[in-house]
Amino acid sequence: MSSANDIILRPRFKFEMPENHQVLLKLFQVVKTKQSEFIISNIDHHVFIKYPKHKQHFWSPQLHLEIHELTEKTSEIKGLFGPNPTVWTFFMFVHFFLAGAFIALGIWAYSNWVIKTSIFPQLSGIAIILTIWVGLYIAGTFGKMASKDDMIALKNFMDNTLNQNYF
């Protein structure tokens, strides 16, 4: 159940089209050769739409579409906006490193508490980790806001491509 207060760093959408999935995939292959504003990659039933290198910045999004057949004449399209995979991998690496450090400091603090020694250094480290996590969340939110116009352009391109009739 979705609400207006959901925390979404990688917006998703889903809709149905009254067209065979092979036809929709072919539309993206055809439009790939007729334009140069975006780079389009097709792999099986996946379509990736992103900006060319010279138009990309750190927060540049890409649009990943999955096009599946529901019936012979109906397809389901699932879309996911996300950052460059390198940026996303870096963010996940930092999160996992911080989680491991958080757990280690928590265990160390508990051990020191049990033997009745100072836990101030460990609690200070935990506070720093929590501050970094909040900073990462704010950075991700800023990145999403900074790339909002780019996401709208990608969505409009997808809509225009799906509404064209090349056949």
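Chains are numbered independently. Their residues run from 1 in the order of the written sequence. Totals for whole chains, interfaces and linings use all residues, but because this is a predicted model, local features are given only for residues with pLDDT of at least 70 and pairs of side-chain atoms are given and counted only at 80 or more. As a rule here, side-chain values cover all heavy atoms of the structure and leave hydrogens and water aside.

**Focus on the side chain of Thr161**
Inspection of the secondary structure puts Thr161 in helix α4 (residues 148-163). Type-normalised accessible area, obtained with a 1.4 Å probe on protein chains alone, sets the label of each residue: buried when under 20%, exposed when over 50%, and partly exposed for intermediate values. Overall, the relative accessible area of 1% leaves Thr161 in the buried class. Polar contacts involving the side chain of Thr161 include one to the main-chain carbonyl oxygen of Phe157, which spans 2.8 Å. Contact between two residues is taken to exist if any of their heavy atoms lie within 4.5 Å; hydrogens are not considered. Discounting residues that sit within four places of it in the chain, Thr161 has contacts with Leu27, Phe28 and Val31. In this text, helices come from DSSP runs of H or I with a minimum length of four residues, and strands from runs of E with a minimum of two, each type numbered from the N-terminal end. Side-chain atoms alone can form a polar contact between residues adjacent in sequence; in general such a contact is a pair of N or O atoms within 3.5 Å, and within protein one must be able to donate a hydrogen while the other accepts it.

**Re the nonpolar core**
To define a nonpolar core, start from buried Ala, Val, Leu, Ile, Met, Phe, Trp, Tyr and Cys residues and group those joined through side-chain atoms within 4.5 Å. Counting 22 residues, the largest nonpolar core has Phe28, Val47, Ile49, Leu63 and Leu65 as the members making the most contacts within it. Contributing elements (two or more residues each) for this core: β1 (12-17), α1 (21-34), β3 (46-50), β4 (61-71), β5 (74-83) and α4. Excluding anything up to four places from it in sequence, Leu65 contacts Phe13, Phe28, His45, His46, Val47, Ile49, Ile77, Lys78, Gly79 and Met158. Membership of the second largest hydrophobic core comes to 9 residues, among which are Val87, Val94, Leu98 and Ile129.

**Describing the environment of His95**
Structurally, His95 is set in helix α2 (residues 85-114). The class of His95 is partly exposed, set by a relative accessible area of 26%. A C-alpha to C-alpha distance of 8.5 Å links His95 and Leu136, two positions 41 residues apart in sequence. Those residues in contact with His95 that lie beyond four places of it in its chain are Trp133 and Leu136. Reaching out from His95, the side chain makes a polar contact with the side chain of Trp133 at a distance of 3.2 Å.

**A word on the sheet that holds strand β2 (residues 39-43)**
Pairing between strands is defined by DSSP: at least two bridges between them are needed. Spatially, β1-β5-β4-β3-β2 is the arrangement adopted by the 5 strands of the open sheet, whose pairing is antiparallel. Strands with a single pairing partner mark the edges of an open sheet, and in this sheet they are β1 and β2. Averaged over all neighbouring strand pairs, the angle between strand axes comes to 20 degrees, with direction disregarded. Across the sheet, α4 lies against β1, β2, β3, β4 and β5, angled at about 35 degrees from β4, the strand it touches most. Axis definition: a line fitted to C-alpha atoms, over the contacting stretch in the case of helices. Angles run 0 to 180 degrees between N-to-C directions.

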